[in-house]
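# Coordinates in review
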Amino acid sequence: MARRDLNHENLSSATDAAADLQEGRGRRLAILGTRGIPADHGGFEVFAEHLSQYLTERDWRVSVYCQAGPSESYRESDWRGVTRIHIPAAEGSVGSVLFDLRSVLHAARRGGLIYTLGYNTALFNLVFRAAGVVNLINMDGFEWKRSKWSPPIRAWLRLNERAACIAGHRLVADNPAVAEYLERIGVSADRISMAPYGARAVDDADAGLITRYGVRPGAYALVVARPEPENSILDIVKAYRASACEDPLLVLGAFEPANNAYHREVIAESAPHIHFPGAVFDGPTIDALRRHCWLYLHGH
């Protein structure tokens, strides 16, 4: 069977097909692997927010596991018809790993269909295999190649990438190159679905929402990305500063120069007309910023 190509609007077809494997246990989906919804961290959170609402509107019962603070207790809450399952965990990488483990153990007891975003702790997903719970895993990108990771962390991530290839009943790639890579390392094509990332068409947006950033419609450039080396933020800032363009450049993303050497390097290469307003997750605002810029720079 050929590898299936999907987009996010018909991704429910893949989940429907996977749900059929569960022998009539119902249209129930649990989303793991994010910090939770509503989104305030990165792309997986935004995706979980949109997919959970999309499926809820189509009579799915959707749960999203959310990382709570270490002093909080386990609880459930409703968000726009989606059940949020709050699991307490400490801050930092170790806390995130333990959050993933607790989420997996909890989800395995509940059953239903699982959609795991990312493979950073895919070894834990073997629990789903052992419990007979169907698990889709979004393989993201080549996380183990990121320059920010130390050799031991890279080894851990690569081990988990291979574990995901075993643990996942179906692997979801977000672009053709990842799908082809999975086939090269031995995953059969009929276990891979390609669901490319995309964006809603924005035909109109409130220009008044961009005034707080000190820019005018059609008179600024825009970058929206997590400030990671692989997203080419430093190269974009250097090139824009060296160009003849004097329009403002807004670089959206959560910069923490006090704690991150790469962030400090990016800001050091900046110029007075290059601005860092932080991360923006409000839908209407980000739509307006994208709709009214004259130039969008994408370095991923």
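What counts, and at which threshold
Residues numbered from 1 in each chain as written. Predicted model: local features only at pLDDT ≥ 70, side-chain atom pairs only at ≥ 80, totals over all residues. Heavy atoms only, no water. Salt bridge = Lys/Arg side-chain N within 4 Å of Asp/Glu carboxyl O. Buried < 20%, exposed > 50% of the residue type's maximum accessible area, 1.4 Å probe, protein only. Helix = DSSP H or I, 4+ residues; strand = E, 2+ residues; numbered from the N terminus. Pairing = 2+ DSSP bridges. Contact = heavy atoms within 4.5 Å. Axes fitted to C-alpha atoms, helices over the stretch in contact; angles between N-to-C directions.

## Describing the pattern of salt bridges
Counted by the stated rule, this structure contains 7 salt bridges. R58 is paired through a salt bridge with E57; the nearest N and O atoms lie 3.6 Å apart. Take E57: its relative accessible area is 61%, and that puts it in the exposed class. Residue R241 is joined to E269 by a salt bridge in which the shortest nitrogen-to-oxygen separation is 2.8 Å. Of this pair, R241 sits in helix α7 (residues 233-242) while E269 is found in the loop between α8 (261-268) and β12 (274-278), placing the two residues 28 residues apart along the sequence. For E269, a relative accessible area of 22% translates into the label partly exposed. One network of salt bridges, in which partners are shared, links E143, R146 and E230.

## Comments concerning the sheet that holds strand β11 (residues 249-252)
In spatial order, the strands read β12-β11-β10-β13; together these 4 strands make up an open sheet with parallel pairing. Either end of the sheet is taken by a strand with one partner, and the two such strands are β12 and β13 (295-296). Note: β11 against β12, 3 bridges, orientation parallel. Bridge assignment links L249 to a residue of β12, and that residue is I274. Strand contacts of helix α9 (residues 283-292): β10 (221-224) and β11, with the helix running at about 135° to β10, the strand carrying the most contacts.

Don't take any of this as a statement about function, it's just geometry.
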